[in-house]
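Results of the structural survey
Each chain is listed here by its residues.
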Amino acid sequence: MLFNKKSNQTDLTYGPMLPLLSGLTWPMVLGLLGMVLFNLADIYFIGKVGVHELAAMGFIFPVVMVVNGLASGIGIGTSSLISRTFVCQDKNILKQYATEACLLGLIFVSIVVMIGQLTIEPLFRSMGASDKVLPLIENYMRIWYWGMLVLVIPIVGNNIIRASGDTFTPGMLMIISAIINILLDPLLIFGYGPFPALSIRGAAIATVIARGIGMVLIINVLLRRKKLLTLFIPGLKRMLQTWRKIFYVAIPAAASILITPLSIGIIIRIISKFGEEAVAAFGIVSRIEMFALIVVNALGSVMIIFAGQNWGKEKYGRLLKGFYISLIFSLTWGMLLFIVAQLWAKPVASFFSGNYEVIMITAKYLLIVSFSYGFQGILIIAANILDGINKPLPAAGLTALRMFGIYVPLAWLASVYLNLPGIFWSAFMANLITGILSYFWLWRCLRKQ
């Protein structure tokens, strides 16, 4: 493969595929590990405060995913655009794309933050939050929403760097932010030393500080080392042309990302009738799943870049072979997760909560759903490849089918006739069916070429 040591930029259109994909994936694992540790740290420390606070985090989780998903959609659209043009455009054009993408992210998220601040109470009441939990949610979200203004640049910036073939730098920056958050969480939540005990508000403040430092670091990398930003602002017409290209992938990609948290919000509404312990448990398993699928998500992010560059060079056979390698890995990883869940579901659950009922519900979910994680991984990889080759609508369609076509309707029916375990079996069936469909859909698309 062609590798520019000075800028860490990689041509992915030739060279041995297995070492290439693994070499790009492990730094992405570090980056996603940083993101997951962010979430797990909040849950771990808040879980020590009380069940009400833990339930509040369960309600907060899908909303946080929605807002992050909006920013991530712009990041994916940018990554797809830059990766497809990386091997055939000059550096000045790439700098313009990157700069215009960052501006778009700031404008878009600013609008979202304003709307979010005005809708906290009605939104969470509609999700089933009780009067005991709602003030805790508001304490967190008032702070967290403003923090999105510093989070959007790292999200978009990391995608810009990955699109150039460098997955190591974004991974390291995300790990640094996670470490800062982990260090600040106990200080601000429990009030050690000179710090006040702020409970759930402390978790939000720690998140904003850590993300703010991450923003400073990513801007420094983009400007000084990568030289992928420019201070020159083009005319409105030029920016709108670039934004249209980004939005072509970003809107379906964001919709695909948003489908999951929106449907999880509905699932939480269904689960809430079984008590705050059930909501707390579901909040825990949602974050455990993020951790469990971290390697597959990392590989999926790499496949956006790999697919974009090889599609741009019309190397369709190479792209198909890369998909097969990813598919085999996903199924193998899923089987490993299933074995781990069968052996250690309860110890893992007890790490996050001392409440017996929360532990049992969490363990029950993991025992049932874990076998389907390999098939969920196939969907993740297929959707990312489709985004990379500028076919975002099928990617969004598959994700929508999983959540709104299968999971939510089955969960609603199961909650009536099979109670809480029925909801877990609904998740199992949704992963299994859409994983198989994703394989055949993408295989057919690539074989046409």
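**A look at the packing of helix H9 (residues 276-292) against helix H11 (residues 316-352)**
Between H9 and H11, the shortest axis-to-axis distance is 12 Å and the interhelical angle comes to 140 degrees. Regarding the angle of H9 to H11, the classification is oblique. Here the hand of the crossing between H9 and H11 comes out right-handed. Residue-level contacts link Ile284, Ile288 and Ala292 of H9 to Trp333, Leu337, Val348 and Phe352 of H11.

**A few points about the packing of aromatic side chains**
A complete count under the given rule lists 17 aromatic pairs for this structure. Summarising the aromatic geometry, the rings of Phe329 and Trp333 are spaced 6.1 Å apart at their centres and angled 15 degrees between planes, so their arrangement reads as stacked. Placement of the pair is Phe329 and Trp333 together in helix H11, with a separation of 4 residues, close to one helical turn. Taken together, a centroid distance of 6.2 Å and an interplanar angle of 25 degrees make the contact between Phe371 and Phe428 stacked. Here the residue Phe371 occupies a position in the loop between helix H12 (356-369) and helix H13 (373-388), and Phe428 occupies one in helix H15 (residues 419-447), the gap between them amounting to 57 residues. For Phe428, a relative accessible area of 12% translates into the label buried.

**Here's the deal with the nonpolar core**
Core analysis: the biggest nonpolar cluster contains 144 residues, and Phe124 and Met141 have the highest contact counts within it. If one sorts the elements of this core by residue count, helix H5 (residues 134-163) sits on top with 17 residues. When neighbours within four sequence positions are excluded, Met141 is seen to be in contact with Ile60, Val63, Val64, Gln117, Ile120 and Phe124. Counting 7 residues, the second largest nonpolar core, distinct from the first, contains Phe38, Ala178, Ile180 and Ala210.

**Thoughts on the environment of Ile161**
Mapping Ile161 onto the fold places it in helix H5. When the C-alpha positions of Ile161 and Gly23 are compared, they lie 16 Å apart, and in sequence the two are 138 residues distant.

**Some thoughts on helix H6 (residues 168-191)**
In an α-helix, one full turn covers 3.6 residues, which means residues spaced three or four apart are oriented alike. The end-to-end C-alpha distance of H6 is 35 Å, a good match for the 34 Å that 24 residues give at a rise of 1.5 Å each. Phi turns positive one or two residues past the end of H6, at Gly193, with a value near 60 degrees.

**Considering the environment of Pro154**
Within the fold, Pro154 resides in helix H5. Pro154 has contacts with Arg211, Gly214, Met215 and Ile218, leaving out every residue within four places of it along the chain.

**Concerning unusual backbone geometry**
Most peptide bonds adopt trans geometry, and most residues besides glycine take a negative phi value. Unusually for a residue other than glycine, Ser199 sits at a positive phi of about 55 degrees. Note on placement: Ser199 falls in the loop between H6 and helix H7 (200-225). Judged by relative accessible area, which is 22%, Ser199 ranks as partly exposed. Phi is positive for Asn419, close to 60 degrees, though the residue is something other than glycine. If you trace the backbone, Asn419 turns up in helix H15.

**Brief notes about the environment of Phe247**
Structurally, Phe247 can be placed in helix H8 (residues 236-271). Between the C-alpha atoms of Phe247 and Thr78, which are 169 residues apart in sequence, the distance is 8.7 Å. Excluding anything up to four places from it in sequence, Phe247 contacts Leu104 and Pro252.

**As for the confidence of the model for the protein chain**
Residue-level pLDDT values for the protein chain average 83, and 94% of them are 70 or greater. The least confident element of the protein chain is strand S1 (residues 2-4), whose mean pLDDT is 39; the most confident is H12, at 91. Considering only residues more than four positions removed or in separate chains, one finds that residues 1-9, a stretch of pLDDT under 50, has 24 contacts.

About the criteria used
- Residues numbered from 1 in each chain as written.
- Predicted model: local features only at pLDDT ≥ 70, side-chain atom pairs only at ≥ 80, totals over all residues.
- Heavy atoms only, no water.
- Axes fitted to C-alpha atoms, helices over the stretch in contact; angles between N-to-C directions.
- Helix = DSSP H or I, 4+ residues; strand = E, 2+ residues; numbered from the N terminus.
- Parallel < 35°, antiparallel > 145°, perpendicular 65-115°, else oblique.
- Left-handed = near helix turned anticlockwise from the far one by under 90°.
- Contact = heavy atoms within 4.5 Å.
- Phe/Tyr/Trp six-rings, centres within 6.5 Å; stacked < 30°, edge-to-face > 60°.
- Buried < 20%, exposed > 50% of the residue type's maximum accessible area, 1.4 Å probe, protein only.
- Core = buried A, V, L, I, M, F, W, Y, C linked by side-chain atoms within 4.5 Å.
- Expected span 1.5 Å × (residues − 1).
- pLDDT = per-residue confidence, 0-100.

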